[in-house]
Amino acid sequence: MTGYLLVESRDPFESKGFSQRCDLALTLLAEGGGVTLFLVENAVLGARPGAKTPGLEKLARAGVRVLADEFALRERGIAEVAPNIAPTGIDTLVGALASGAKALWN
């Protein structure tokens, strides 16, 4: 995974900046960069099926890869995720950082 890596840890329903970071992801994508949004900690609450998170749905439709940390999902009792979100281990995040992805962590 190369390009841009946005790591979101805040609950998308409580964080005022969540939609701004979704807009940033779309801007980076439009400028020709590959973009991945990695949901960790409370940000995985937006990954639940049926969760009304328009920002995440918009990102997935645009081609931003949206990943959710499996550990954070388990810790919050989330067994399934929305179809546009892929659960993965934290090793994916570490690998992206090690391979030189430009990262922004919130």
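Here the structure is shown first, and the text comes after it.
A brief structural summary. (Residues numbered from 1 in each chain as written. Predicted model: local features only at pLDDT ≥ 70, side-chain atom pairs only at ≥ 80, totals over all residues. Heavy atoms only, no water.)

1. So, the overall build of the chain
Test applied: Labels follow the DSSP assignment, with helices taken as runs of H or I lasting at least four residues and strands as runs of E lasting at least two, numbered in each case from the N terminus. Here's how the labels work: a residue is buried when its accessible area is under 20% of the maximum for its type, exposed when over 50%, partly exposed in between, all with a 1.4 Å probe on protein chains only. The contact criterion used is simple: two residues touch if any of their non-hydrogen atoms lie within 4.5 Å. Residue exposure ignores everything except the shown protein chains as possible cover, and the areas themselves are Shrake-Rupley values with a 1.4 Å probe. Counted charges follow a simple rule, with Lys and Arg positive, Asp and Glu negative, and His plus the chain ends left uncounted. For the purpose of locating charges, the reference atoms are NZ of Lys, CZ of Arg, CG of Asp and CD of Glu.
Each helix and strand in the chain was counted, giving 4 helices and 5 strands. Counting only C-alpha atoms, the chain reaches 35 × 25 × 25 Å along its principal axes. Every one of the 106 residues in the chain was classed for burial, and the buried ones make up 45%. Residue pairs in contact within the chain that sit at least 24 positions apart in sequence constitute 74% of those at least 6 positions apart. As displayed, the chain has an accessible area near 5,700 Å², and 51% of this comes from carbon and sulfur atoms. Distance from the positive charge centre (11 side chains) to the negative charge centre (12 side chains) of the chain: 5 Å.

2. A short note on helix H1 (residues 18-30)
Our working rule: A helix is expected to span 1.5 Å multiplied by its residue count minus one. Directions pointing from the helix axis toward each C-beta atom define the arc.
Relative to the 18 Å expected for 13 residues at 1.5 Å per residue, H1 spans 19 Å between its end C-alpha atoms, a close match to the ideal helical length. All buried positions along H1 are accounted for by Phe18, Arg21, Cys22, Ala25, Leu26 and Leu28. Across the axial projection of H1, the buried residues extend over an arc of 160°, all falling on one side. Within H1, the exposed residues directed more than 90 degrees away from the buried face are Gln20 and Ala30. In this structure, the buried side of H1 is in contact with strand E1 (4-8), strand E2 (35-39) and helix H2 (54-62). Backbone geometry just after H1 places Gly32 at a positive phi near 95°.

3. A look at the nonpolar core
Spelled out, the test is: Here, nonpolar core refers to any group of buried Ala, Val, Leu, Ile, Met, Phe, Trp, Tyr and Cys residues whose side-chain atoms link them within 4.5 Å.
Within the largest apolar cluster, 24 residues are counted, with the highest numbers of intra-cluster contacts made by Leu39, Leu56, Leu59 and Ile85. Elements that contribute at least two residues to this core include exactly H1, E2, H2, strand E3 (65-69) and helix H3 (70-75). Top element by residues in this core is H1. It accounts for 5 residues. Residues in contact with Ile85, not counting those within four places in the same chain, are Gly46, Ala47, Leu56, Val66, Leu67 and Ala68. Within the second largest apolar cluster, 8 residues are counted, among which are Phe38, Val40, Ala96 and Ala101.

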